Amino acid sequence: MAEAHQAVDFRPSLTSDAGKVELSAPVLQEIYLSGLRSWKRHLSRFWNDFLTGVFPASPLSWLFLFSAIQLAWFLQLDPSLGLMEKIKESLPDWGGQHHRLRGVLAAALFASCLWGALIFTLHVALRLLLSYHGWLLEPHGAMSSPTKTWLALVRIFSGRHPMLFSYQRSLPRQPVPSVQDTVRKYLESVRPVLSDEAFDWTAALAQEFLRLQASLLQWYLQLKSWWASNYVSDWWEEFVYLRSRNSLMVNSNYYMMDFLYVTPTPVQAARAGNAVHALLLYRHRLNRQEILPTLLMGMRPLCSAQYEKIFNTTRIPGVQKDHIRHLRDSRHVAVFHRGRFFRVGTHSQSGLLSPRALEQQFQRILDDPSPSCPHEEHLAALTAAPRDMWAQVRRSLKTQAEEALEAIEGAAFFVSLDSEPAGVSREDPAASLDAYAHALLAGRGYDRWFDKSFSLIVFSNGRLGLSVEHSWADCPISGHMWEFTLATECFQLGYSTDGHCKGDPDPTLPQPQRLYWDLPDKIHLSISLALRGAKTLSGNIDCHVFPFSHFGKSFIKRCRLSSDSFIQTALQLAHFRDAQCLALFRLAVDKHQALLKAAMSGQGVDRHLFALYIVSQLLHLQSPFLDQVHSEQWQLATSQIPVQQIHLFDVQNYPDYVSSGGGFGPADDHGYGVSYIFTGDEAITFHISSKKSSTRTDSHRLGEHIKDALLDVAALFQEGQRLKRRCRGSGEEDLEHSCGSLPCHTGGSQAPMTPTNF
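Residues numbered from 1 in each chain as written. Predicted model: local features only at pLDDT ≥ 70, side-chain atom pairs only at ≥ 80, totals over all residues. Heavy atoms only, no water.

## Details of the pairing of strand S13 (residues 454-458)
The condition is simple: We call a residue buried when its accessible area falls under 20% of the maximum for its residue type, exposed when it is over 50%, and partly exposed in between, using a 1.4 Å probe and counting protein chains only. Only runs of H or I of at least four residues qualify as helices and only runs of E of at least two qualify as strands under DSSP, and these elements are numbered from the N terminus. Paired strands, as defined in this entry, are two strands with at least two bridges between them according to DSSP. Call a crossover right-handed when, viewed with both strands pointing away from you, the route from the first strand across the helix to the second goes clockwise.
Counting buried positions over the 5 residues of S13 gives 5, a clear majority of the element. Of the two faces of S13, the one carrying Phe454, Leu456 and Val458 and the one carrying Ser455 and Ile457 are both buried. Pairing of strand S12 (residues 414-417) with S13 involves 4 bridges; the strand directions are parallel. Residue pairing for S13: leucine 417 is matched across the bridge by valine 458. With respect to chirality, the unit in which S12 leads through helix H14 (residues 429-441) into the neighbouring parallel S13 is right-handed. Of the strand pairs in this sheet, S13 and strand S14 (residues 464-469) are connected by 5 bridges, and their pairing is antiparallel. Within the sheet, the bridge partner assigned to serine 455 lies in S14 and is serine 467.

## Quick word on the side chain of arginine 356
To keep things clear, this is the line we draw: In what follows, residue pairs with any heavy atoms lying within 4.5 Å of each other are defined as contacts.
As for its position among the elements, arginine 356 is in helix H11 (residues 355-367). Accessibility expressed as a relative area gives 16% for arginine 356, which makes it buried. Sequence-distant contacts of arginine 356, defined by excluding residues within four places in its chain, comprise His500, Cys501, Lys502, Gly503, Asp504 and Pro505.

## Here's the deal with the sheet that holds strand S8 (residues 332-337)
Whether parallel or antiparallel, the strands of a sheet pair through hydrogen bonds between backbone atoms. The line we're drawing: Angles shown run from 0 to 180 degrees and are taken between the N-to-C directions of axes, each axis being a line fitted to C-alpha atoms and, for helices, limited to the stretch in contact.
Strands sit in the order S15-S9-S8-S12-S13-S14-S3-S18 across an open sheet of 8 strands; the sheet is mixed. The open sheet has two free edges, formed respectively by strand S15 (513-515) and strand S18 (662-664), since each of these has just one partner strand. Averaged over all adjacent pairs, the angle separating strand axes in this sheet is 25°, with direction ignored. Pairing between strand S9 (residues 340-345) and S15: 3 bridges, direction antiparallel. By the bridge assignment for S15, phenylalanine 342 is matched with arginine 514. Of the strands in this sheet, strand S3 (253-257), S13, S14 and S18 touch H14, which is tilted by about 135° from S3.

## Here's the deal with helix H7 (residues 196-212)
Basically, it comes down to this: To estimate how far a helix should extend, the number of its residues minus one is multiplied by 1.5 Å. Working note: the arc is built from the helix axis to C-beta atom directions.
Given a rise of 1.5 Å per residue, 17 residues ought to cover 24 Å, and the 24 Å separating the end C-alpha atoms of H7 matches this to within 8%. Among all positions in H7, only Phe199, Thr202, Ala203, Leu205, Ala206 and Phe209 are buried. Down the axis, H7 shows its buried residues gathered within 160° of arc, on one side only. Opposite the buried face of H7, by more than 90 degrees, sit the exposed residues Asp196, Glu197, Asp200 and Arg211. At its buried positions, H7 is contacted by helix H6 (179-190), helix H8 (214-227), helix H20 (606-618) and helix H21 (624-631).

## So, the pattern of salt bridges
Test applied: Whenever a carboxyl oxygen of Asp or Glu lies within 4 Å of a side-chain nitrogen of Lys or Arg, that contact is scored as a salt bridge.
Considering all chains together, one arrives at 28 salt bridges under this definition. Between aspartate 322 and arginine 387 there is a salt bridge, with the nearest N and O atoms lying 2.8 Å from each other. Pair noted here: aspartate 322 is in the loop between strand S6 (313-316) and strand S7 (323-326) and arginine 387 is in helix H12 (residues 387-400), with a separation of 65 residues, a long-range link. This pair shows no difference in class: aspartate 322 is buried, exactly as arginine 387 is. Here arginine 514 ties to glutamate 376 by a salt bridge, and the two come within 3.0 Å at their closest N and O atoms. Here arginine 514, found in strand S15, pairs with glutamate 376, found in the loop between H11 and H12; they are 138 residues apart in sequence, far enough to count as distant. Look at arginine 514 and you get buried, because its relative accessible area is 9%. Residue classification places glutamate 376 among the buried positions, given a relative accessible area of 0%. Three or more residues are tied together by salt bridges with common partners; here these are Arg245, Arg315, Asp322, Arg387, Asp451 and Glu469.

## Focus: the packing of H6 against H7
This is how the line gets drawn: When describing relative orientation, an angle under 35 degrees is termed roughly parallel and one over 145 degrees roughly antiparallel, while 65 to 115 degrees is termed roughly perpendicular and anything else oblique. When residues are grouped by polarity, Ala, Val, Leu, Ile, Met, Phe, Trp, Tyr, Cys and Pro land in nonpolar, Asp, Glu, Lys and Arg in charged, and all others, Gly among them, in polar.
H7 packs onto H6 with a crossing angle of 175° between their chain directions and a minimal axis gap of 11 Å. Taken together, the axes of H6 and H7 lie roughly antiparallel to each other. On H7, the residues touching Val179, Gln180, Val183, Tyr186, Leu187 and Val190 of H6 are Phe199, Thr202, Ala203, Ala206, Phe209 and Leu210. Of the residues that constitute the contact of H6 with H7, the class distribution is 10 nonpolar, 2 polar and no charged.

## Describing unusual backbone geometry
One non-glycine residue, asparagine 312, lies in the positive phi region at around 60°. Relative to the helices and strands, asparagine 312 is located in the loop between strand S5 (300-301) and S6. Of note in the backbone geometry, histidine 375 takes a positive phi value of approximately 70° without being a glycine. Checked against the element boundaries, histidine 375 lands in the loop between H11 and H12. Its relative accessible area of 34% is what places histidine 375 among the partly exposed residues.

## Overview of the environment of histidine 332
So the rule is basically this: In protein, a polar contact means a hydrogen-donor-capable atom and an acceptor-capable atom, both N or O and within 3.5 Å, with residues adjacent in sequence counting only if both atoms are side-chain atoms; elsewhere, any N or O pair within 3.5 Å suffices.
Among the structural elements, histidine 332 can be located in strand S8. Sequence-distant contacts of histidine 332, that is, excluding residues within four places in its chain, are made with Arg343, Val344, Gly345, Thr346, Ala407, Gly410, Ala411 and Ala412. A polar atom in the side chain of histidine 332 sits 2.7 Å from the backbone oxygen of alanine 407.

## Considerations on the environment of phenylalanine 239
Within the fold, phenylalanine 239 resides in helix H9 (residues 233-242). In the structure, phenylalanine 239 is positioned 371 residues away from phenylalanine 610 in sequence and 9.8 Å away in space, judged by C-alpha atoms.

## Topic: the environment of proline 92
Relative to the elements of secondary structure, proline 92 occurs in the loop between helix H3 (83-90) and helix H4 (99-130). Considered as a pair, proline 92 and arginine 102 are 10 residues apart in the sequence and their alpha carbons are 8.3 Å apart.

## Focus: the UniProt feature "transmembrane region" (unreviewed entry) in the chain
Applied cut-off: UniProt positions are given in the numbering used here, feature names are shortened, and annotations may be inferred rather than shown by experiment.
UniProt feature "transmembrane region" (unreviewed entry): in the numbering of this structure it lies at residues 50-75 and 104-126. Counted over residues 104-126, helix gives 100% and strand 0%. Its end C-alpha atoms are 32 Å apart.

## Notes on the packing of aromatic side chains
Quick note on the threshold: Pairing of aromatic rings covers Phe, Tyr and Trp, the last through its six-membered ring, and needs centres within 6.5 Å; plane angles under 30 degrees mean stacked, over 60 mean edge-to-face, and all others mean tilted. Lysine and arginine charges are scored as sitting over a ring when NZ or CZ, respectively, is within 6 Å of the ring centre and within 35 degrees of the ring normal.
Enumeration according to the criterion identifies 25 aromatic pairs in this entry. Summarising the aromatic geometry, the rings of phenylalanine 413 and phenylalanine 454 are spaced 4.9 Å apart at their centres and angled 20° between planes, so their arrangement reads as stacked. Taken together, the residues span a long stretch of sequence, with phenylalanine 413 in the loop between helix H13 (402-409) and S12 and phenylalanine 454 in strand S13 at a distance of 41 residues. Residue phenylalanine 413 is classed as buried on the basis of its relative accessible area, which comes to 0%. Three or more aromatic residues joined by ring pairs form one cluster here, namely Phe336, Phe341, Trp390, Phe414, Trp449 and Trp517. Residue placement shows arginine 514 over the ring face of phenylalanine 342; its charged tip is 5.9 Å from the ring centre. The side chain of arginine 607 reaches across the aromatic face of tryptophan 236, ending 3.6 Å from its centre.

## Examining the sheet that holds strand S19 (residues 672-678)
As summarised here, the arrangement of the 4 strands in space is S16-S20-S19-S17, forming an open sheet in which the pairing is mixed. A single partner strand is all that each edge strand has here, and the edge strands are strand S16 (541-548) and strand S17 (636-640). Taken pair by pair, the neighbouring strands of this sheet meet at an average axis angle of 15°, ignoring direction. Looking at chain direction, S19 and strand S20 (residues 684-691) are connected through 6 bridges and run antiparallel.

## Some words on the confidence of the model for the chain
What counts is decided by this rule: Values of pLDDT, the confidence the predictor places in each residue, fall between 0 and 100.
In the predicted model, the chain carries a mean pLDDT of 82, and the fraction of residues at 70 or more is 85%. Within the model, pLDDT remains below 50 along residues 574-578, and this stretch shows 9 contacts once partners closer than five positions in the same chain are excluded. For residues 731-758, every residue scores under 50 in pLDDT, and the model assigns this stretch 64 contacts once sequence neighbours within four places are set aside.

Written out as structure tokens, the structure reads:
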């Protein structure tokens, strides 16, 4: 059991016979304020849900419709064609003096029914419009007449001032691609990396699959797509993440970095105070749905469902599979410092604590000299253990220390106040940046609660970072939150000249609550085993981060190429040059862009083959082709971290105040995990990870190859421009035109890109 907790400021006093309880005024006031806050939250959520449900209409449109019906009725016109009379006749007869009231109620009911029918029509029309994907296939910067008409209709039916979840009811279902197209695209993707013999064998398996099993499995997927809005997302979450029994550390988490070259304040508690306050401001905007929905290429809304689980969320381990536990609200954060756990309240009677008050609470933890309890320091290593092991230990832990465990799992998020500095150092910038990435991805193996949706990590020199659990959402969701956090804590909240949060401390705040653990002896061995495994896994990860500043997005735009496709293709570029390389590179970029657009429109290969494999397993239907696809180990997993809110940062005047992105672990024991972010227009930051135990991988070596490939590509384009000018000057044929029909062959021996998202 948890030991005695800190006493509250007010408590009931008992009479001598312990019979009656005298409640003081502060108690009644706190009960009243607590209930008032609760009702305000419920009403706010109900109102927001109502506004989302009727979007793109609004309550004012109902009032306008009702007023128009009343006006028509006053002018002795019946827009309902007799329906209102029938409604009025069905209402109770309250006497002659209430005859007019029955007419008003009949008009209100008719207006509501007509309004609901119009809303349903708008939802169906918008869903049909959003099912159009022709605009994705058009060249960048060009727009056909059908697409212009489509875009105008989308803007008309989309309404004004959408909230975060406004489009959810209007989004089309995820289409199930043609199984023949999926198999064809798969064979195209593996052809460059397979020998002739291996490819012929794979193609034969594919033809056998199409002939024997494909139609049955596809029928089940079609059936699911009619019943569920997305035929693959719940299976992807369950079978890829929640049923995985591997450690979450490195395998199912990723990290987000701070500003690369600047630290707004070196005061650790102050940085934590501003960051926690900014994160909770984001949660407040999220609860009120004030975050704008993401629009694909500024036109098509994306699903916002993953935003719901950013905060107050924990992945609970199970023996066979985990489950996601999400709370509607949480008024505290869990904090770890020097082997001890604390519960820090984030709200007072007047609302969210100020950044200065939060700084005060974190400073109290930093100044607390109390030691950790036996085995408490390494307790969090259990969250880095294999999931079935952690699930069994958690049952005992929940019995022995339920209150302490609930304080962590029920927190808004986890905060780790590290005792060591991190970030770029002047003495050895390259090595220190790699160590910074490693600290965010794995830490020491026992100083992160990997089950939480995310952990905020604050280093002793004021550097920040995030460690994010992957199962609840993809990277763009946490990236959106992280951009808001960095911009808000630095530019809006700011710091005083001495590095502290602005404002005054609040001496009336109670001390942070220390969490105590009564750990039985049988848990001690489990903690030791988990710690050993976590240290082994952490020590095996090789992280390398480097900023590439020779050129950035602006140069790629001048080449008239997609920036993402440019980098993805350059990552696979072998060191190979001849007179045709530039044209081949353009063709490869165009191919990647076409595959990307196909995936964006629901016509990708990866998820469809995965869903077909799951159906085959559920039916106990053996498919050698799907077994072959499922068993493949992709050696290069890549992802771009998008910058979604560039308006929050002044890149021109403050180029260093831009997030440097983040990274993730390799998907294969002999592979790489590579992520990148365009930092402004003139630089790119790469994050590379691999395993030291592999003799085939080296993160630093791959980093050098990436630099060489990018410089080679840039040199090719510069050379191409010179040749183009020379050809035009001599009247010869344009270089791009003369090479435009050359076949696309990527060559090399690297594995193809897979649509790996964070």
